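Residue-level structural notes
Spelled out from the first residue to the last, the chains are:
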Amino acid sequence: MRSYDLAELLLTELHRADSPHANAPLNRRLYHTMRSTILAGHLTAGAQLPSTRDLARDLDLSRNTVMSAVGQLAAEGYLTAQQGSGTYVSDTLPDQRPLTPASHARSRQAEAESTNSRDLSQRGSLLTQSSGSQQFEVQPFAPGAIEFTDFPIQLWQKLQAKYWRSLDRDLLDYGQEGGYMPLREAIAQYLTLSRSVRVKPEQVLITSGTQQAIDLTARLLTDHGDEAWVENPCYWGARRALQSAGLTLRPVDVDAEGIAPSAADWQRNPRLIYVTPSHQYPLGHVMSLQRRRALLTFAASRRCWIFEDDYDSEFRYTGRPFASLQGLDEHAQVLYSGTFSKIMYPGIRLGYLVVPPDLLEAFNTGLYDLYRPGQLMLQAALTDFITEGHLNTLIRRLRVAYQARRDELARRIQQCLGERVRISGQDSGLHLCLVFDPAQHVDDEAIAEAAEQQGMTVRPLSRYYIGEPQQRGLIIGYAYVPTERVVPWARKLCELIRQRLN
Ligand SMILES: Cc1ncc(COP(=O)(O)O)c(C=O)c1O
């Protein structure tokens, strides 16, 4: 597209006095204008953008202003920069539409958009720009969802009742910085033994889950506009937390050995690197030792931080769980995060962040002042659950159940779809990833939508990419379907996929 054509398209909108972004800085106004032009289809997929120099000239703006807007759109996946050949409008836009046709999801989206166009801050706009996973129904094969047949509910009730009966008033207070000390001790011991994490109890901070740990880390260790690396494809929760903290995301490719920075990536100076080394989300690869070492050496040379999200490594079906990346770290640059969302239940909202000793004071203060701790009754009950051995028993039981479900699902996929698909990341966790042969040009979004209509929730792999999806496939969770129901549901899902592949 010629520069003055694009400038003409953008100029009226850019200077509209009644625009909701009229008072925003120019780079943000340009960003919003370009983004809505893309979403309205006026700038179509594949269209090449003029150079930032030409565009700056024709819009009568500084080149920095244009580069800032274009850079943000590229980080969010609206534009794709191809080295040496220019910048293009992405073929696949980042999450915009809810996948489910459910009307509540639509109305929430509409509501978010209308609020958005009133007076949200830049941070607020960034946060609400793309849809989150809450718009997916929880039904068979929903990734990340679990069901509770194996959860010892009565035991859990008993442990909590014990504390409510004793009514220790201290447990009704906010509690200490960092959380309930006996729980921090129990987690430190668990992590030392099962995850080879190098940790003392005071380094363990109790969080309300991974999402809070990412948010706190971004707030305390990065500044607006800093570069953060995320795996591409990436966990949507991390992406959105980092993005809304104002970081410039740099999507870094993933291969069978985990995050795979290119030669150009290794030349850069990120401030934070977010990784899932034990079970890459969503592809499921385990980061190789060589890659772990390379990443740690790089982080030491750049003095940047690594955030290790170890969200589901308890469920490893072949061999022992892999040791953590943090356990290899000689320079105290890794922040290690874990969660009870998968082992216990997501609504418990308890997780932990292990921070390097020299950051402890800052993180304790940040956690206390920003979010106020509490829920000590729950933390006390969880401490007993761990120290009395129930957590390990539960993990062992769930591992057996989930492995059986995964086996049934994988068997059915192989029988029904054979060589036409590849299964990735099935050795651990609660989901597997079905990857389609690129030559078949399968529309994973259409399959996910069709599955949704038949009462199943699978997620299109393409949605997890920033920019052009490199692969298409489906993320299929197996923890939510009771073992005896896996076969009929898997048959239904495989049949649906088979029809679309033909
Ligand atoms: C990659 C990843 N990290 C973390 C989590 C859990 O986040 P939280 O502890 O905030 O529930 C999930 C949940 O699905 C996940 O997929």
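Remember, it's a predicted structure, so these values are computed and weren't measured experimentally.

Our focus in this paragraph is the overall build of the protein. Along the backbone of the protein there are 17 helices and 14 strands. For 502 residues, the compact-globule estimate of 2.2 N^0.38 gives 23 Å, and the protein sits close to it at 24 Å. In terms of its C-alpha atoms, the protein occupies a principal-axis envelope of roughly 70 × 55 × 45 Å. The 502 residues of the protein split such that 55% are buried.

Ordered by their spatial adjacency, eight strands build an open sheet running 3-10-9-8-7-4-5-6, and the pairing between neighbours is mixed. A single partner strand is all that each edge strand has here, and the edge strands are strand 3 (204-207) and strand 6 (258-259). Bridge analysis of strand 5 (residues 248-255) against strand 6 gives two bridges, and the strand direction is antiparallel. Note that in strand 6 the partner of Val 254 across the bridge is Ile 259.

What follows deals with the sheet that holds strand 14 (residues 473-477). Reading across from one edge, 11-12-14-13 is the order of the four strands in this open sheet, with antiparallel pairing throughout. Looking along the sheet, the strands with just one partner apiece sit at the ends: strand 11 (421-424) and strand 13 (459-460). Inspection of the sheet shows strand 11 paired to strand 12 (residues 431-436) by four bridges, in the antiparallel sense. By the bridge assignment for strand 12, Arg 422 is matched with Val 435. Running over the sheet, helix 16 (residues 444-453) touches strand 12, strand 13 and strand 14 and is turned about 35 degrees from strand 14.

The next thing to look at is the pattern of salt bridges. As enumerated under the stated definition, the model contains 18 salt bridges in all. A salt bridge links Arg 250 to Asp 265; its shortest N-O distance comes to 2.7 Å. Taken together, the residues Arg 250 in strand 5 and Asp 265 in helix 11 (residues 263-266) connect sequence positions 15 residues apart. Counted as one network, the salt bridges with shared partners bring together Asp 54, Arg 57 and Asp 58.

Time to look at the domain arrangement of the protein. If you check the domain split of the protein, you get domain 1 (3-89), domain 2 (103-134), domain 3 (135-149 + 395-501) and domain 4 (153-392). Of note, the centres of domain 1 and domain 4, computed from C-alpha atoms alone, are 37 Å apart.

The subject of this paragraph is the pairing of strand 5. Bridge count between strand 4 (residues 227-232) and strand 5: six bridges; the pairing is parallel. Bridge pairing in strand 5 places Trp 229 opposite Arg 250. Count of turn residues in the strand 5/strand 6 antiparallel hairpin: two residues.

Once that is clear, we can look at the pairing of strand 3. Of the two faces of strand 3, the one carrying Val 204 and Ile 206 and the one carrying Leu 205 and Thr 207 are both buried. The pairing of strand 3 with strand 10 (residues 351-354) spans four bridges and is antiparallel. Residue pairing for strand 10: Thr 207 is matched across the bridge by Gly 351.

Given 3.6 residues per turn, any residue in an α-helix points the same way as the ones three and four places further on. In this model, helix 15 (residues 390-417) (28 residues) spans 39 Å end to end at C-alpha, consistent with the 40 Å of a helix rising 1.5 Å per residue. Just downstream of helix 15 lies Gly 418, where phi reads positive at about 50 degrees.

To continue, consider the side chain of Thr 33. Along the chain, the position of Thr 33 falls in helix 2 (residues 26-39). On the basis of relative accessible area, Thr 33 is assigned to the buried category, the value being 5%. Among residues more than four places away in sequence, those in contact with Thr 33 are Leu 10, Glu 13 and Leu 14.

Near the ligand, the surroundings consist of Gly 209, Thr 210, Gln 211, Tyr 235, Tyr 274, Tyr 281, Asp 309, Tyr 311, Thr 339, Ser 341, Lys 342 and Arg 349. Between the ligand and Gln 211 there is a distance of 3.2 Å, counted from an oxygen atom to a backbone nitrogen or oxygen. Between the ligand and Arg 349, the relevant distance is 2.9 Å, taken from an oxygen atom to a side-chain nitrogen or oxygen of the residue. About the coverage of the ligand: the protein hides 90% of its 400 Å² of free accessible area. Grouping the amino acids of the shell around the ligand by side-chain chemistry returns four nonpolar, five polar and three charged.

The next thing to look at is the nonpolar core. Nonpolar side chains in soluble globular proteins tend to end up buried together. Ranked by internal contacts, the top residues of the largest apolar core, which has 74 residues, are Trp 156, Phe 340 and Met 344. The leading source of residues in this core is helix 15, at 11 residues. Three or more residues apiece are contributed to this core by two domains, here domain 3 (135-149 + 395-501) and domain 4 (153-392). Contact partners of Phe 340, with chain neighbours within four places excluded, come to Ile 187, Tyr 345, Ile 348, Leu 350, Gly 351, Tyr 352, Leu 382, Ile 386 and Leu 391. Membership of the second largest hydrophobic core comes to 26 residues, among which are Cys 234, Leu 242, Leu 359 and Ile 466.

Right, let's talk about the packing of aromatic side chains for a bit. Here the structure, examined in full by the defined rule, presents 16 aromatic pairs. A ring pair is formed by Tyr 174 and Tyr 368, whose centres lie 6.5 Å apart and whose planes are at 75 degrees; its orientation type is edge-to-face. In this pair, Tyr 174 is assigned in the loop between helix 7 (153-166) and helix 8 (181-195) and Tyr 368 in helix 13 (residues 360-371), connecting sequence segments 194 residues apart. For Tyr 368, a relative accessible area of 22% puts it in the partly exposed group. Ring-pair connections join several aromatic residues into one group, and the members of that group are Tyr 235, Trp 236, Tyr 281, Tyr 311 and Tyr 464. Directly above the ring of Tyr 174 sits Arg 372, whose terminal nitrogen or CZ lies 5.6 Å from the centroid.

Reading the values: rules and limits
Residues numbered from 1 in each chain as written. Predicted model: local features only at pLDDT ≥ 70, side-chain atom pairs only at ≥ 80, totals over all residues. Heavy atoms only, no water. Helix = DSSP H or I, 4+ residues; strand = E, 2+ residues; numbered from the N terminus. Rg over C-alpha atoms; globule rule 2.2 N^0.38 Å. Buried < 20%, exposed > 50% of the residue type's maximum accessible area, 1.4 Å probe, protein only. Pairing = 2+ DSSP bridges. Contact = heavy atoms within 4.5 Å. Axes fitted to C-alpha atoms, helices over the stretch in contact; angles between N-to-C directions. Salt bridge = Lys/Arg side-chain N within 4 Å of Asp/Glu carboxyl O. Domains from an automatic or database assignment. Expected span 1.5 Å × (residues − 1). Near = heavy atom within 4 Å. Polar contact = N/O pair within 3.5 Å; in protein donor to acceptor, adjacent residues only side chain to side chain. Areas by Shrake-Rupley, 256 points an atom, 1.4 Å probe, with all protein chains shown as cover. Nonpolar A, V, L, I, M, F, W, Y, C, P; charged D, E, K, R; others polar. Core = buried A, V, L, I, M, F, W, Y, C linked by side-chain atoms within 4.5 Å. Phe/Tyr/Trp six-rings, centres within 6.5 Å; stacked < 30°, edge-to-face > 60°. Lys NZ or Arg CZ within 6 Å of the ring centre and 35° of its normal.

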